[in-house]
Amino acid sequence: MDPNTHRGPEEYGEQGSPAEPPAPAFGGAQSGSAGLARVVRLVSGPYLVTVNPVDGSEIEPCPPGERPAAPGRLDPEERAAAARAAAPPLPPGPSGFAGHETALEERTEDTERLVRLLSRGRSVRVTGPSGSGRTRLLDAVATACADLAPDGVVRLSGYHHTSTDLLYALFAAVYRAPQHRPDRADVLRMVAEIGAIVVLDDLEFGGAALDELLDATPECAFLIAATPDVAAPSAGSHLEEVFLGGIGRGACGRLLERAVDRPLTDDEESWAADLWFESEGLPLRFVQAAALLRQYDRLRAAPGALDDGYGLFPEDGRATADPAAEDAEPAEQPEVPLPSLGEAAAPAPLLASRLTEAARETLRFAVALGGELPHQAHLPALTQDTHADAALGELLACGLLTPAGGHYRLAATVQDQLTAAGYADGAPARAHTVAQHYAWWAGHPSVTPERAAAESDVALAAMGVLTGSRESGHASAAVLLARTAAPAFAAALHWSAWERSLRHGQEAARLAGEVAEEAYFHHELGVLALCTGSLDRARAELEASIGLRGVLSDRNGAVAGRRALALVTDRTRADSAAAATTALPQAAGAASASRRAAPKEPAATPFDAASTAKLRKPRTEQTAQTLLARGASSTTATTGVPAATDSGAGAAKGVRRVFGGARRNVVAAGAGALLAAVLGTLVTIGATGGDDAPNDKVNTEQTTDDSDSTDLPAEQPATDSSLPPTGPGTSRPGTAGQSDRPSPSPSGTDPSGSPTDPGTGSADPTAGPTEPTERPTTPTGRPTRPTHPPTDEPTDPAPTDEPTDPTPTGPTPSEEPTDKPSTQSPSQSASGPSVGSPSAGGTSGTSPSGGGTPSDGTATSSGTESAPAA
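Conventions and cut-offs
- Numbers given to residues run from 1 along each chain, matching the order in which its sequence is written.
- Predicted model: local features are reported for residues with pLDDT of at least 70 only, side-chain atom pairs are reported and counted for 80 or more only, and whole-chain, interface and lining totals are derived from all residues.
- Derived side-chain values reflect all non-hydrogen atoms in the structure, with water molecules and hydrogen atoms excluded from consideration.
- Working definition: helices are DSSP H or I runs of at least four residues, strands are E runs of at least two. Numbering for both runs from the N terminus.
- Buried, partly exposed and exposed residues are distinguished by accessible area as a fraction of the type maximum, computed with a 1.4 Å probe on protein chains only: under 20%, between the cut-offs, and over 50%, respectively.
- The contact rule is simple, with two residues in contact once any of their heavy atoms fall within 4.5 Å.
- For the accessible areas, the method is Shrake-Rupley and the probe is 1.4 Å, while residue cover comes only from the protein chains on display.
- Here a strand pair is declared whenever DSSP counts at least two bridges between the two strands.
- One less than the residue count of a helix, multiplied by 1.5 Å, gives the span that helix is expected to have.
- For helices, the fitted axis covers only the stretch in contact; all axes are lines through C-alpha atoms, and the angles between them, taken along N-to-C directions, range from 0 to 180 degrees.
- Two distance rules govern patches: like charges are joined within 9 Å, and nonpolar side chains (Val, Leu, Ile, Met, Phe, Trp, Tyr) within 5 Å, applied only to residues with over 30% relative accessible area and no salt bridge.
- When a carboxyl oxygen of Asp or Glu is within 4 Å of a side-chain nitrogen of Lys or Arg, the pair counts as a salt bridge.
- For the purpose of counting charges, residues Lys and Arg are taken to be positive, whereas Asp and Glu are taken to be negative. His and the chain ends are not included.
- Charge placement uses NZ in Lys and CZ in Arg. For Asp and Glu, CG and CD serve respectively.
- The definition of a nonpolar core used throughout is a set of buried Ala, Val, Leu, Ile, Met, Phe, Trp, Tyr and Cys residues joined through side-chain atoms within 4.5 Å.
- Between rings of Phe, Tyr and Trp, where Trp is taken as its six-membered ring, a pair exists when centres lie within 6.5 Å; planes separated by under 30 degrees are stacked, by over 60 edge-to-face, and by other angles tilted.
- Only Lys NZ and Arg CZ are tested; either one counts as a charge over a ring when it is within 6 Å of the ring centre and within 35 degrees of the ring normal.
- These descriptions rest on fixed angle ranges, namely under 35 degrees for roughly parallel, over 145 for roughly antiparallel, 65 to 115 for roughly perpendicular, and the rest for oblique.
- By definition, any crossing whose near helix is turned counterclockwise from its far helix by less than a right angle is left-handed, and any crossing with a clockwise turn is right-handed.
- Each residue receives one of three labels: charged for Asp, Glu, Lys and Arg, nonpolar for Ala, Val, Leu, Ile, Met, Phe, Trp, Tyr, Cys and Pro, and polar for the others, Gly being one of them.
- As a per-residue measure, pLDDT reflects the predictor's confidence and takes values from 0 up to 100.

- Under an unreviewed UniProt entry, the name given to the chain is AAA family ATPase, and the source organism is Streptomyces lydicus.

Here it is, written out as structure tokens:
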């Protein structure tokens with residue numbers, strides 16, 4: 001049977017041939033026995049999504065020509081039509097028969113208080129137990145506040161919805177945006193401009209999620225209904241709390257009299273008083289008690305007296321009565337007692353036992369689906385009864401159902417009562433029947449995505465039952481239903497239901513071993529995650545889909561997955577670059593503020609960095625000094641990393657903040673300078689303190705002055721440092737040596753270790769020692785002893801540096817210097833023989849003069865030293 005019997009062809013199109021068949025997506029094959037596959041193109045943020053039920057959805061950057069127009073506001077007539085379409089369906093029969101139009105008892109004061117608070121722009125949270133009449137109170141307040149806000153009253157349901165779902169539902173209730181789902185930033189911007197009274201029933205979250213919803217809608221006043229077990233709002237939400245309890249004893253009696261349309265007897269009043277005490281005055285209990293009294297009246301009435309003209313009760317009551325009582329007189333019929341207090345406290349099994357068989361079978365399907373009731377148009381096909389759609393009116397009249405969004409579900413505690421009475425027997429088989437029926441119906445071309453999305457709770461409940469069942473064929477039926485319903489949910493922009501159906505389908509496909517279907521669900525989950533901005537999850541799902549399709553050699557599916565994965569990579573890089581661009585100016589401002597404030601205890605600052613960041617060119621004053629070690633191979637340069645400054649425009653992306661404050665910078669710079677000085681000292685000592693190879697080359701400039709000057713000791717070595725040192729102390733005989741120790745100055749100035757010759761300039765400390773190019777000339781005889789000591793002592797006999805090591809005493813250069821220091825004074829040691837130019841006889845000449853410098857007054861490039869006396 002077609003479930004759309006009560007819908008016109010103008011809404012769903014003809015069954016056999018749609019008015020405009022959709023074009024195939026990317027040349028893909030058509031699927032389904034009903035004809036063409038339903039391919040829908042929609043815009044989600046910056047992407048164009050093509051929902052393809054065959055190979056999987058395609059996603060690409062939205063071309064400029066496909067960009068939708070800016071969403072426009074709905075007028076009051078359009079908003080009213082949308083509200084009527086979202087309301088639960090009314091049962092057939094008289095308008096007030098089901099009991100959902102009964103007047104409120106003892107709620108006038110609460111209604112007026114809520115209207116006053118909402119008119120002042122205050123948001124209110126009504127908290128009450130299930131069955132306290134929260135939904136009826138919200139209906140009354142919404143009717144009274146219809147003209148208070150510019151955008152009117154918006155009715156939303158929080159049943160199985162998150163804060164994001166409610167934001168998009170509020171956007172869809174006020175704005176006109178077909179096939180367009182803006183990104184979160186645009187939605188937040190547009191819902192912030194909505195001025196409406198939002199009536200939100202069955203809220204399932206609180207705390208930070210509720211604060212997020214309230215902060216996103218500053219121009220809206222919320223009237224929220226929730227049960228006490230829902231998380232409370234935070235202290236900063238500024239919500240008014242109103243607790244809704246039961247009604248009084250007199251109000252419960254009036255409700256019963258109005259429901260049975262007669263005054264209560266004394267026994268019935270006593271029975272109602274006991275029930276009021278047991279139920280704490282919850283209105284739902286008395287709606288169910290009124291249904292028990294009506295059934296009680298039917299049992300006591302004559303046959304045919306209850307015919308209401310709508311076919312709800314048989315016209316001839318004797319057909320269902322006991323045949324033995326046909327000939328009995330009316331006065332002899334047995335007395336029917338009132339229900340006991342226990343039956344009135346849990347009336348669902350007793351009420352169901354007195355309903356029609358179609359109504360009882362409908363309750364069995366609802367119990368099998370976890371309390372969700374299918375639409376009344378589906379009941380004839382499910383129960384195999386052509387009049388089963390009238391069962392909805394029976395169940396509502398008995399108070400066994402309650403509205404939940406756009407459909408109905410079992411009322412509070414009814415599920416448990418019916419389960420205990422045996423109505424859950426055969427639940428997996430009934431869920432399997434529901435899955436098969438909805439898989440056919442959701443894939444039919446005449447069913448619009450919006451209509452399929454309205455039945456999402458029932459379809460998801462069937463998937464959940466079949467996924468948890470281990471009976472043969474149930475997992476495959478869940479896969480079929482998810483594969484058929486998920487594209488419809490996506491096309492209707494009901495993305496929370498889309499995600500839940502994909503999760504159920506992926507798990508069912510894994511249990512059933514259907515690898516191709518599992519790959520499809522992974523692909524769809526990746527596309528959904530990319531649309532919502534969850535890039536890591538999108539990458540994981542798409543990689544899993546590509547791997548499974550590679551095993552199956554599904555080329556088309558693998559190509560679609562790689563295209564989506566490339567978009568994920570591009571989006572990740574763009575987000576990283578944007579995050580680094582926005583994070584660095586913040587770090588620069590924080591560093592500047594910390595330098596200006598100069599706190600005594602700088603707090604640890606988290607670093608902002610990005611993998612693609614580049615360091616900007618450091619300024620001159622921000623570059624650290626270069627540390628040079630002796631020798632070209634050991635030269636080291638260290639340059640400081642520039643810190644973030646206030647300019648920020650040329651700053652690179654993602655520069656890590658090395659130090660957290662000004663004082664830390666100073667301490668680090670001082671530590672670096674100290675470390676550089678220590679390293680330089682160690683390198684210098686290591687370079688000058690080693691035992692280098694002797695320089696045995698004789699220099700022609702090593703001459704002595706023959707004048708009789710007594711200003712300096714004889715043969716005092718020169719202080720020029722243009723040549724490298726030859727050892728730790730003095731030169732060996734026959735070598736041109738140089739001492740790194742300062743010589744006494746004849747003018748009395750303090751000696752120093754630096755070169756004293758201004759004409760030759762300073763030597764390059766990085767240059768290595770000069771290697772000898774020739775073999776030295778070996779002396780042929782012992783050096784002669786000095787003839788007389790020098791006449792004068794130097795004006796400053798004590799040099800600042802350490803005394804030099806003694807010179808070798810051996811006649812040949814191969815001998816090592818002795819370790820015993822000389823006890824002679826500097827003048828005595830300077831009077832030793834000096835090695836000059838070799839003579840023709842092979843002996844070195846001596847000079848008695850005490851002059852140690854050339855006659856031109858400049859220091860020689862290297863000096864000679866005499867050996868101590870034996």
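Alright, that's what it looks like, and here's the rest.
## Concerning the overall build of the chain
Link 1 in the chain: Of regular secondary structure, the chain possesses 26 helices and 14 strands.
Link 2 in the chain: When each of the 870 residues of the chain is scored for burial, the buried share is 41%.
Link 3 in the chain: Contacts in the chain between residues far apart in sequence, at least 24 positions, make up 74% of those at least 6 positions apart.
Link 4 in the chain: As presented, the chain carries roughly 43900 Å² of accessible surface, and 54% of it is formed by carbon and sulfur atoms.

## Notes on the sheet that holds strand β2 (residues 47–51)
Link 1 in the chain: Judged by pairing direction, the sheet is mixed, and its 4 strands sit side by side in the order β3-β2-β1-β8 without closing on themselves. Sheet topology places β3 (58–61) and β8 (180–181) at the edges, where each strand pairs with a single neighbour.
Link 2 in the chain: Examined bridge by bridge, β2 and β3 share 4 bridges and lie antiparallel to one another. Looking at the pairing, V49 lines up with I59 of β3.

## What to know about helix α5 (residues 163–174)
Link 1 in the chain: In a regular helix each residue adds 1.5 Å, so 12 residues correspond to 16 Å; α5 covers 17 Å between its end C-alpha atoms and thus fits that length.
Link 2 in the chain: Along α5, the residues classified as buried are S163, D165, L166, L167, Y168, L170, F171 and V174.

## Description of the sheet that holds strand β9 (residues 197–201)
Link 1 in the chain: Spatial strand order, β6-β9-β10-β5-β11: 5 strands in an open sheet with parallel pairing. Edge positions in the sheet fall to β6 (153–157) and β11 (240–243), since each of these pairs with one other strand and no more. Each neighbouring strand pair of the sheet contributes to a mean axis angle of 15°, computed without reference to strand direction.
Link 2 in the chain: With 5 bridges joining them, β6 and β9 adopt parallel strand pairing.

## Here's the deal with helix α17 (residues 427–442)
Link 1 in the chain: Its 16 residues give α17 an end-to-end C-alpha distance of 22 Å, which sits within 8% of 22 Å, the value for a rise of 1.5 Å per residue.
Link 2 in the chain: All buried positions along α17 are accounted for by A427, R430, A431, H432, V434, A435, H437, Y438, A439, W441 and A442.

## Examining a negative patch on the surface
Link 1 in the chain: Taken together, the side chains of E257, D266, D267 and E269 define an acidic patch exposed on the protein surface.
Link 2 in the chain: Residue contributions to the negative patch peak at 3 residues, all from helix α9 (residues 266–279).
Link 3 in the chain: With respect to the helices, strands and loops of the structure, E269 is situated in helix α9.
Link 4 in the chain: A residue is classified by how much of its surface remains accessible, and E269, at 41% relative accessible area, is partly exposed.

## A closer look at the nonpolar core
Link 1 in the chain: I59, V434, L481, W498 and L530 are the most contacted members of the largest nonpolar core, which totals 58 residues.
Link 2 in the chain: Of the residues forming this core, the biggest block, 10 residues, is contributed by helix α20 (residues 474–491).
Link 3 in the chain: Among the nonpolar cores identified, the runner-up in size contains 40 residues, and W271, L275, A290 and A291 belong to it.

## Looking at the pattern of salt bridges
Link 1 in the chain: In total, this model carries 30 salt bridges according to the counting rule given.
Link 2 in the chain: Residue E241 is joined to R125 by a salt bridge in which the shortest nitrogen-to-oxygen separation is 3.4 Å. Of this pair, E241 sits in strand β11 while R125 sits in strand β5 (residues 124–127), and the two are 116 residues apart along the sequence.
Link 3 in the chain: A salt bridge links D554 to R549; its shortest N-O distance comes to 3.7 Å.
Link 4 in the chain: In the salt-bridge network here, residues are joined through shared partners; they are E357, R360, E361, R364 and R430.

## Quick notes on the pairing of β9
Successive residues of a regular strand alternate their side chains across the two faces of the sheet.
Link 1 in the chain: Taken across its 5 residues, β9 has 5 buried, putting it largely inside the fold.
Link 2 in the chain: Burial of β9 is two-sided: the residues I197, V199 and D201 facing one way and the residues V198 and L200 facing the other way are all buried.
Link 3 in the chain: As judged from the 4 bridges shared by β9 and strand β10 (residues 221–226), these two strands associate in the parallel manner. From the neighbouring strand, V198 faces β10, where its bridge partner is F222.

## Side note on the environment of G464
Link 1 in the chain: Following the sequence through the fold, G464 ends up in helix α19 (residues 456–468).
Link 2 in the chain: When its relative accessible area of 31% is taken as the criterion, G464 is described as partly exposed.

## Structural notes on the packing of aromatic side chains
Link 1 in the chain: Scanning all chains against the criterion turns up 4 aromatic pairs.
Link 2 in the chain: Ring geometry for Y438 and W441: centres 5.7 Å apart, planes at 80°, overall edge-to-face. Linking Y438 with W441, this pair stays in helix α17, spanning 3 residues, or about one helical turn. For the pair formed by Y438 and W441, the shared burial category is buried.
Link 3 in the chain: Positioned over the ring face of Y168 is R181, at 3.7 Å from the centre of the ring.
Link 4 in the chain: Its end group placed over the ring of Y520, R483 keeps NZ or CZ at 3.7 Å from the ring centre.

## A few points about the pairing of β5
Link 1 in the chain: In β5, alternate side chains face the same way, and those of V124 and V126 on one face and R125 and T127 on the other are all buried.
Link 2 in the chain: In the sheet, β5 pairs with β10 via 4 bridges, with the strands oriented parallel. Within β10, the position partnered with T127 by the bridge is A226.
Link 3 in the chain: Of the strand pairs in this sheet, β5 and β11 are connected by 4 bridges, and their pairing is parallel.

## Comments concerning a nonpolar patch on the surface
Link 1 in the chain: Residues L674, L675, V678, L679 and L682 make up a contiguous nonpolar surface patch of about 480 Å² in total accessible area.
Link 2 in the chain: Mapping L674 onto the fold places it in helix α25 (residues 662–688).

## A word on the packing of α5 against helix α7 (residues 208–216)
Link 1 in the chain: Where α5 contacts α7, the two axes come as close as 9 Å, and the packing angle between them is 25°. In terms of orientation, α5 and α7 fall into the roughly parallel class. Pair α5 / α7 crosses with right-handed handedness. Residues S163, L166 and L167 of α5 form the contact with α7, whose own contacting residues are A209, E212, L213 and A216.
Link 2 in the chain: Considering only residue class, the contact of α5 with α7 consists of 5 nonpolar, 1 polar and 1 charged.

## So, the confidence of the model for the chain
As a note on interpretation, predicted positions should not be read in detail where pLDDT is low.
Link 1 in the chain: Of the residues in the chain, 60% reach a pLDDT of 70 or more, and the chain-wide mean stands at 73.
Link 2 in the chain: This model gives residues 1–35 a pLDDT under 50, and the stretch forms 51 contacts once residues within four places in sequence are excluded.
Link 3 in the chain: Segment residues 95–99: pLDDT under 50, and 8 contacts once partners within four positions in sequence are set aside and those in other chains are kept.

## Section: unusual backbone geometry
Link 1 in the chain: Within the chain, H238 stands out as a residue other than glycine whose phi angle is a positive 60°.
Link 2 in the chain: Considering the arrangement of structural elements, one finds H238 in the loop between β10 and β11.
Link 3 in the chain: A positive phi angle, close to 60°, is found at E280, a residue other than glycine.
Link 4 in the chain: Mapped onto the elements of the fold, E280 is located in the loop between α9 and α10 (283–300).
Link 5 in the chain: Look at E280 and you get exposed, because its relative accessible area is 64%.

## A closer look at the environment of H504
Link 1 in the chain: When you line up the elements, H504 lands in helix α21 (residues 495–512).
Link 2 in the chain: A C-alpha to C-alpha distance of 7.9 Å links H504 and V479, two positions 25 residues apart in sequence.
Link 3 in the chain: Beyond its immediate stretch of four places on either side in the chain, H504 contacts L460, M463, G464 and T467.

## Digging into the packing of α9 against α10
Link 1 in the chain: Contact pair α9 / α10: the axes reach a minimum separation of 11 Å and the direction vectors enclose 150°. One way to sum up the angle between α9 and α10 is to call them roughly antiparallel. The handedness of the crossing between α9 and α10 comes out as right-handed. Listed contacts from α10 to E268, W271, A272, L275, W276, E278 and S279 of α9 are R285, F286, A289, L292, L293 and Y296.
Link 2 in the chain: Here the residues of the contact of α9 with α10 sort into 9 nonpolar, 1 polar and 3 charged.

## Thoughts on the side chain of S132
Link 1 in the chain: Position of S132 relative to the elements: it lies in the loop between β5 and α4 (134–144).
Link 2 in the chain: Apart from the residues within four sequence positions on either side, S132 is in contact with R107, L244, G245, L282 and P283.

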